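# Working through the structure, step by step
Read off the chains here:
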Amino acid sequence: MQFYQSNYANSYQPQGGNISGSGLGAMDNSFGANIDVSGVMGNGELTPGLLAAFGTGGYPGEPPLLEELGINFQHIKDKTRAVLNPLKHDIDPEIMNDSDLAGPILFVLLFGTLLLLSGKVQFGYIYGVGVCGTVGLHYLFKFMSNDVQIDLVRSTSVIGYCLLPLVLISVLGVVISLDNMLGYLLSAFAVLWCTYSASGFFVAVLKLHNARPLVAYPLCMFYTVFAFMVIFVEKADVKVQQS
Amino acid sequence: MFQINFYRSYFNLDTDTFLQKIQRASNPLNSAFAGDEDTDEVTELYGFFWITGTLIFLMFVSATGSNILANWLHSDPENKPYEYSFELLSKSIFLFYGYNLVVPLILYLGTAFLLKFPNTLPLTKVISIYGYTNILWFPITAINFLIVVFISNKKHHLMLNFLEWIIVLISGTITGLSNITKLSGVIHKNCLLLADGDASSANRQYMTIIGLLVIAHALFTILVKISFFGIKV
């Protein structure tokens, strides 16, 4: 059963001398021997056995799953708060360096789901516009920054977090129709809010001097496309069977 | 050419410089190369890219919007809804980006390799000039809406057409003047240097080049009028 070259020493010795003969290898003689399901065997191996497979033990010293995936809820909360109050300027630089994509993916999925709840199935467009726009914006900002290297993950992270005000507007769009003057004003306000916080982030990350409106203009266009999706897309037809 | 860093120097600007360049471009009568040898002015392509892009979008919106307005306000049988033509957007992109890239390119290639100017016109600077002067096209996109609101195509077809031609021609003249006065100083100087003091042949060469630029710009203006400023309902 040795699929990988494990760096953990295999200190489990089978009782009989028939290692090479039996096809099942180490599991043959061990069913009764190891019903300890506490998880850690103490020598770096996974606990073998049927019950241990359904338990929650793992390799010793293994980090928790969320930490391994890089999802840090405290950071997500802090960054969300930073987007929601763009007028406060004391963003901890440590959280800026943690470029995670879990928050943005969550926000984009939430946006799509809220649009779905209001009848507009736009996942394809959100994905397409999002990817093309983010890649374009990333290269534009890479051109504009002189000393700082920025990579696509950080760019996407910032742009995704700043989508939050539009998510809030789409919450409204579930209950009322936004295709009226109030809707236009609210959406314009949300786009400006998104743009303000995103341009603030980018100016801080790229260390640009006095170039905030130049950075804000492309971001504004990007978020306006999303706002159009919220306001103007027609609802999908739903046919109800009269039985 | 394919590294990012090659293009980084072309996007290096800040807000104040940008606004200042817009202001200088809006004045049709000054020259961009005056006293240029020791200015620290940045040559960048951000202005060309975004101003031309915005202009494309505004032209499309203006044409479509004024047609919709004309349809809504002035046509009596309400049975035919307006048909959007998004090819107009593609046409807009090709026309504006094409003109603003191809003409400076031809100018650069012609003067650098055919005529062998001693102080060559740098390509990015010419593209940048053409890009920034596009800002003078912006007002007529708004004026188009006003005209359509007040004048109906059915009743005053001739006057509407006439007005549209007038505004496009005025805008075209201003932008053309702006472009050419900015470039004329350098071209003239180069022609003089080439001709080694023979003023009349230098003038002839200079006039030929300027004439070609004027013709190109006139063709461009006519194309803009045909594509974007006709009311068809």
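Residues numbered from 1 in each chain as written. Chains lettered and ligands numbered in written order. Predicted model: local features only at pLDDT ≥ 70, side-chain atom pairs only at ≥ 80, totals over all residues. Heavy atoms only, no water.

In the annotation of an unreviewed UniProt entry, chain B is listed under the name Protein YIP and assigned to Scheffersomyces stipitis.

For chain A, the name recorded in an unreviewed UniProt entry is Protein YIP, with Scheffersomyces stipitis as its organism. If you open the UniProt record of chain A and go to Sequence similarities (unreviewed entry), you find "Belongs to the YIP1 family." (UniProt positions renumbered as here; feature names shortened; annotations may be inferred.)

Our next topic: the overall build of chain A. The number of helices and strands found in chain A is 10 helices and 0 strands. Secondary structure of chain A in N-to-C order comes out as α-α-α-α-α-α-α-α-α-α. Relative to its 243 residues, chain A shows a buried fraction of 36%. A separation of at least 24 residues holds for 68% of the contacts in chain A among residues at least 6 apart in sequence. (Helix = DSSP H or I, 4+ residues; strand = E, 2+ residues; numbered from the N terminus. Buried < 20%, exposed > 50% of the residue type's maximum accessible area, 1.4 Å probe, protein only. Contact = heavy atoms within 4.5 Å.)

The helix and strand tally for chain B stands at 8 helices and 0 strands. When the accessible surface of chain B is split by element, carbon and sulfur atoms take 70% of a total near 12,400 Å². (Areas by Shrake-Rupley, 256 points an atom, 1.4 Å probe, with all protein chains shown as cover.)

Quick look at the UniProt feature "transmembrane region" (unreviewed entry) in chain A now. Residues and elements named next belong to chain A. According to UniProt, the "transmembrane region" (unreviewed entry) feature falls on residues 101-119, 125-144, 156-178, 184-205 and 214-233. The span residues 156-178 is 78% helical and 0% strand by assignment, and the distance between its end C-alpha atoms comes to 28 Å. Helix makes up 95% of residues 214-233 and strand 0%, with an end-to-end C-alpha separation of 29 Å.

Turning our eyes to something else, we now look at the interface of chain A and chain B. In this assembly, 19 residues from chain A lie in contact with 13 residues from chain B. A per-residue breakdown of the area chain A buries against chain B is headed by Phe143, Asn210 and Leu214 of chain A, which together make up 42% of the total. Where chain A packs against chain B, one counts 0 salt bridges. There are 2 residue pairs in polar contact (both at pLDDT 80 or more) connecting chain A and chain B. Of all elements in the fold, only helix H6 (123-144) and helix H10 (212-232) of chain A reach the threshold of two or more residues within the side of chain A that touches chain B. Sort the elements by how many residues they give to the side of chain A that touches chain B and H10 of chain A lands first, with 7 residues. (Buried area = accessible area lost by both parts, 1.4 Å probe. Salt bridge = Lys/Arg side-chain N within 4 Å of Asp/Glu carboxyl O. Polar contact = N/O pair within 3.5 Å; in protein donor to acceptor, adjacent residues only side chain to side chain.)

Next up on the list: a nonpolar patch on the surface. Together, Leu117, Leu172, Val174, Val175, Ile176 and Leu182 of chain A make up a nonpolar patch on the protein surface, roughly 530 Å² of accessible area in all. Mapped onto the secondary structure, Ile176 of chain A falls in the loop between helix H8 (164-175) and helix H9 (181-206). (Patch = residues over 30% accessible without salt bridge, like charges linked within 9 Å, V, L, I, M, F, W, Y side chains within 5 Å.)

Quick look at the layout of surface pockets now. By volume, the largest pocket is sized at about 1,100 Å³. Every residue lining the largest pocket is counted, 29 residues in all, and those nearest its centre are Met221, Val225 and Phe228 of chain A together with Phe57 and Leu89 of chain B. In terms of residue count, helix H3 (residues 46-74) of chain B provides more of the lining of the largest pocket than any other element does, 11 residues in total. Along the lines of polarity and charge, the residues of the lining of the largest pocket split into 22 nonpolar, 7 polar and no charged. (1 Å grid on protein atoms, 1.4 Å probe; cavity = no way out; pocket = protein on both sides within 12 Å on 5 of 7 lines; lining within 4 Å. Points joined across faces, edges and corners; volume = space filled by probe spheres on them. Nonpolar A, V, L, I, M, F, W, Y, C, P; charged D, E, K, R; others polar.)

It is worth spelling out the environment of Asp151 of chain A at this point. Residue and element names in this part refer to chain A. Within the fold, Asp151 resides in the loop between H6 and helix H7 (152-161). The exposure class of Asp151 is partly exposed, given its relative accessible area of 40%. Measuring from C-alpha to C-alpha, the distance between Asp151 and Ala198 comes to 16 Å, with 47 residues separating the pair along the chain.

Bringing the nonpolar core into the picture now. Counting 55 residues, the largest nonpolar core has Leu166, Phe202, Leu219 and Tyr223 of chain A as the members making the most contacts within it. Element by element, the count of residues in this core is highest for H10 of chain A, at 10 residues. Beyond its immediate sequence surroundings of up to four residues, Phe202 of chain A is in contact with Phe141, Ile150, Ser155, Val158, Ile159, Lys207, Val215 and Leu219 of chain A. Ranked by size, the runner-up nonpolar core spans 42 residues in total, among them Trp137, Ile187, Leu213 and Val224 of chain B. (Core = buried A, V, L, I, M, F, W, Y, C linked by side-chain atoms within 4.5 Å.)

This part is about the packing of helix H5 (residues 102-117) of chain A against H8 of chain A. Two quantities define a packed helix pair, namely the angle between the helix axes and the distance between the axes. All names here are of chain A. One can describe the packing of H5 onto H8 by two numbers: an axis separation of 8 Å at closest approach and a directional angle of 20°. When the axis of H5 is compared with that of H8, the two are roughly parallel. Remark: the crossing between H5 and H8 carries left-handed chirality. Between H5, through Phe107, Leu110, Phe111, Leu114 and Leu117, and H8, the contact on the second element is made entirely by Leu164, Leu166, Val167, Ser170, Val171 and Val174. Counted by class, the contact of H5 with H8 contains 10 nonpolar, 1 polar and no charged residues. (Axes fitted to C-alpha atoms, helices over the stretch in contact; angles between N-to-C directions. Parallel < 35°, antiparallel > 145°, perpendicular 65-115°, else oblique. Left-handed = near helix turned anticlockwise from the far one by under 90°.)

Before going further, it helps to examine H5 of chain A. Residues and elements named next belong to chain A. Between its first and last C-alpha atoms H5 spans 22 Å; for 16 residues at 1.5 Å apiece the expected length is 22 Å, and the two agree. For H5, the full list of buried residues reads Gly103, Pro104, Phe107, Phe111, Gly112, Leu114 and Leu115. Packing partners of the buried residues in H5 comprise helix H3 (73-84), H6, H7, H8 and H10. Downstream of H5 by a residue or two, Gly119 has a phi angle that is positive, lying close to 95°. (Expected span 1.5 Å × (residues − 1).)

Moving on, we get to the UniProt feature "transmembrane region" (unreviewed entry) in chain B. Sites flagged by UniProt as "transmembrane region" (unreviewed entry) map to residues 48-73, 94-115, 135-153, 165-187 and 207-231 of chain B. This span, residues 48-73 of chain B, is 100% helix and 0% strand, and a straight line between its end C-alpha atoms measures 36 Å.

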